[in-house]
Amino acid sequence: MITRRARDARRTLTRATALPFLVRCGIAVCGLVAMAVAWPFALFGTQYFVPLAAVALYPAFAPRGRGATFAALTVIAGWLVDTTQDSPVVLWRVLAIAAALYLGHSLTALAAVLPYDSVVNIDVVGLWVARALVVVLVSAVLTVFALGLSAELAGGPFLVATVVGLAGAAGATLLIARLVHRP
């Protein structure tokens, strides 16, 4: 069984083309960046980071499973562990984790439908990555803007506006989900 898997892995690597391989490398880089930024810095470079790196790299090898979700939950758990141990919540870390998780998730979705040996035009992958980067940039700008407003508008009205905004986002999500599953 092990020799069969090794033979299959070797055949897959010999048949792989450049762009699907680069997409999977992008998933690995995003996962490692998110994991390294989220978990306490003292773990980076120790033997304790090896299982975290394995979790971060798994979606690059198997993008169709639940590995990306498990990796994202591991990143979030690391951020929670680090921030509850007297580490301050810093904006650059939050933005870096969010950007790496979103880019990794988006590339995992692309890799899930992109076979290893497919011949793909660079425009397809380039436009996919460009759209993901635009989403990351817009989200970062809106986050910084909202944090700036929240500092000045703190109080009861801001809390009510936040709850109404979250209810609106939940309602929009439910509406889109119903429209997608409509016959």
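As a reminder, the structure under discussion sits directly above these lines.
As the structure is a prediction and not an experimental result, all values here were calculated from the model. (Residues numbered from 1 in each chain as written. Predicted model: local features only at pLDDT ≥ 70, side-chain atom pairs only at ≥ 80, totals over all residues. Heavy atoms only, no water.)

Undergrad: Now, about the side chain of Thr108: what can you tell me, with residues and values included?
TA: Residue position: Thr108 is located in helix α5 (residues 91–113). Classification of Thr108 by relative accessible area gives buried; the value is 5%. (Helix = DSSP H or I, 4+ residues; strand = E, 2+ residues; numbered from the N terminus. Buried < 20%, exposed > 50% of the residue type's maximum accessible area, 1.4 Å probe, protein only.)

Undergrad: How would you explain a nonpolar patch on the surface if you had to name every residue and give the values?
TA: Taken together, the side chains of Leu73, Ile76 and Leu80 present a nonpolar region at the surface, about 270 Å² in accessible area. Tracing the backbone through its elements, the reader meets Ile76 in helix α4 (residues 67–83). We classify Ile76 as partly exposed; its relative accessible area is 39%. (Patch = residues over 30% accessible without salt bridge, like charges linked within 9 Å, V, L, I, M, F, W, Y side chains within 5 Å. Areas by Shrake-Rupley, 256 points an atom, 1.4 Å probe, with all protein chains shown as cover. Salt bridge = Lys/Arg side-chain N within 4 Å of Asp/Glu carboxyl O.)

Undergrad: With reference to specific residues and values, describe the pattern of salt bridges.
TA: Tallying each qualifying case throughout the model produces 3 salt bridges. In this structure, Asp8 engages Arg4 in a salt bridge whose closest nitrogen and oxygen atoms are separated by 3.9 Å. In this pair, Asp8 and Arg4 both sit in helix α1 (residues 2–15), 4 residues apart, roughly one turn of the helix. Ionic pairing is found between Arg93 and Asp82, a salt bridge with its closest N-O pair at 2.7 Å. Here the residue Arg93 occupies a position in helix α5, and Asp82 occupies one in helix α4, the gap between them amounting to 11 residues. By relative accessible area, Arg93 is classed as buried at 8%. Classification of Asp82 by relative accessible area gives buried; the value is 10%.

Undergrad: Give me the lowdown on the packing of helix α3 (residues 49–61) against α4, citing residues and values where you can.
TA: Between two packed helices, the angle of one axis relative to the other and the distance separating the axes together describe the packing. Two elements in contact, α3 and α4, have axes separated by 8 Å at closest approach and are oriented at 145°. Taken as a pair, α3 and α4 cross one another with a handedness that is left-handed. In this structure, α3 uses Leu52, Val55, Tyr58 and Pro59 to contact α4, whose residues at the interface are Gly67, Ala68, Phe70, Ala71 and Thr74. A per-class count over the contact of α3 with α4 returns 7 nonpolar, 2 polar and no charged. (Axes fitted to C-alpha atoms, helices over the stretch in contact; angles between N-to-C directions. Left-handed = near helix turned anticlockwise from the far one by under 90°. Contact = heavy atoms within 4.5 Å. Nonpolar A, V, L, I, M, F, W, Y, C, P; charged D, E, K, R; others polar.)

Undergrad: Outline the packing of helix α2 (residues 18–38) against α4, supporting the account with residue identities and numerical values.
TA: Where α2 contacts α4, the two axes come as close as 8 Å, and the packing angle between them is 20°. In this view, α2 runs roughly parallel relative to α4, as classed from their interaxial angle. Handedness of the α2/α4 crossing: left-handed. Residues Ala34, Met35 and Ala38 of α2 touch α4, and the partners they reach there are Ala71, Thr74, Val75, Gly78, Trp79 and Asp82. Considered class by class, the residues forming the contact of α2 with α4 number 6 nonpolar, 2 polar and 1 charged. (Parallel < 35°, antiparallel > 145°, perpendicular 65-115°, else oblique.)

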